[in-house]
Amino acid sequence: MWNRSAHLGLVSDSSTGFNGVTRSPDVAWKSYDQWNRISTDERKKFPPLCPDFVVKLLNESDTLKGTADKMREYRDNGCRLAWMIDPKTEEVRIYRADESVIVARGFDTKLSGEEVLPGFSFNLQLLR
C-alpha cells in the first residue's frame, strides 16, 4: 500500500532474483531511478541490479550465519536497507548501507523504512 501511494519504486516478491545471481529475498524494493537505468531486455530476466531494500524472513532451513552472509552481500552490492526477521525468536537484524547492524528483540515495535522508504513503517506484531 505504501508503494502504491508513494510512487517511488517497484516491489518484487521472492520469485525475483537479482544482481546476476539467484539471490531472491522474500521482498525487495528498487527505486524507479535504479530500474530506469537498465534496459528493457535486462528487465525481462534477473535484473542486473541490487535492490535498495530487502526483507528476508528466516525459516526452519535457514541458518543465522548463512542468512547474515546473504544480507551483507546485498549491502556490499548497494542495498541501502535490509531486514532479516526471525519470527521464531522475534528478533530483527537491520542492515544499513553504513555497515551498521542493529539487533531489535521483540515484535512490540514498528520498523521504519528510514530515508530509503520515506514514510514507510511495518508493525512487527502482524507476524505473530
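Here is a short report on the structure shown in this document. (Residues numbered from 1 in each chain as written. Predicted model: local features only at pLDDT ≥ 70, side-chain atom pairs only at ≥ 80, totals over all residues. Heavy atoms only, no water.)

### Description of the overall build of the protein
Summing up its helical and strand segments, the protein has four helices and eight strands in all. Secondary structure elements of the protein occur, N-terminal to C-terminal, as α-β-β-α-α-β-α-β-β-β-β-β. The C-alpha atoms of the protein give 14 Å as radius of gyration, which agrees with the globular expectation for 128 residues (14 Å, within 12%). Reported as C-alpha extents along the three principal axes, the dimensions of the protein are approximately 40 × 30 × 25 Å. Within the protein, buried positions represent 38% of all 128 residues. Restricting the contact set of the protein to residue pairs at least 6 apart, pairs at least 24 apart contribute 42%. (Helix = DSSP H or I, 4+ residues; strand = E, 2+ residues; numbered from the N terminus. Rg over C-alpha atoms; globule rule 2.2 N^0.38 Å. Buried < 20%, exposed > 50% of the residue type's maximum accessible area, 1.4 Å probe, protein only. Contact = heavy atoms within 4.5 Å.)

### Here we look at the packing of aromatic side chains
Across all of its chains, the model carries four aromatic pairs by this definition. Judged by centre distance (4.8 Å) and plane angle (85°), the ring pair of F53 and W83 falls under edge-to-face. Note that F53 is positioned in strand β3 (residues 53–57) and W83 in strand β4 (residues 81–86), a separation of 30 residues in sequence. On the basis of relative accessibility, which here comes to 5%, the residue F53 falls in the buried class. Three or more aromatic residues joined by ring pairs make a cluster, and in this case those are W2, W29, F53, W83 and F120. The ring centre of W35 lies 5.5 Å from the NZ or CZ of K30, which sits over that ring. (Phe/Tyr/Trp six-rings, centres within 6.5 Å; stacked < 30°, edge-to-face > 60°. Lys NZ or Arg CZ within 6 Å of the ring centre and 35° of its normal.)

### A word on the sheet that holds β4
Pairing between the strands of a sheet is mediated by backbone hydrogen bonds and can be parallel or antiparallel. Reading across the sheet, the six strands line up as β1-β2-β3-β4-β5-β6 and stay open at both edges, with mixed pairing between neighbours. What marks the edges here is a single partner per strand, and that holds for β1 (9–13) and β6 (101–105). The average undirected angle you get between the axes of adjacent strands in this sheet is 15°. As paired strands, strand β5 (residues 91–96) and β6 are joined by five bridges and run antiparallel to one another. Counterpart to R93 in the pairing with β6 is V103. (Pairing = 2+ DSSP bridges. Axes fitted to C-alpha atoms, helices over the stretch in contact; angles between N-to-C directions.)

### Section: the environment of L127
Along the chain, L127 turns up in the segment after β8 (121–123). L127 sits in the partly exposed class, given a relative accessible area of 30%. With 39 residues separating them along the chain, L127 and K88 place their C-alpha atoms 9.8 Å apart.

### Quick notes on the environment of S14
Looking at the secondary structure, you find S14 in the loop between β1 and β2 (27–31). Each C-alpha atom of the pair S14 and I85 lies 15 Å from the other, and the pair is 71 residues apart in sequence.

### A few points about unusual backbone geometry
Even without glycine at this site, E99 takes up a positive phi of about 75°. The residue E99 is located in the loop between β5 and β6 in this model. By relative accessible area, E99 is classed as exposed at 57%. At E114, a position not held by glycine, the phi torsion is positive, near 50°. Mapping E114 onto the fold places it in the loop between β7 (110–112) and β8.

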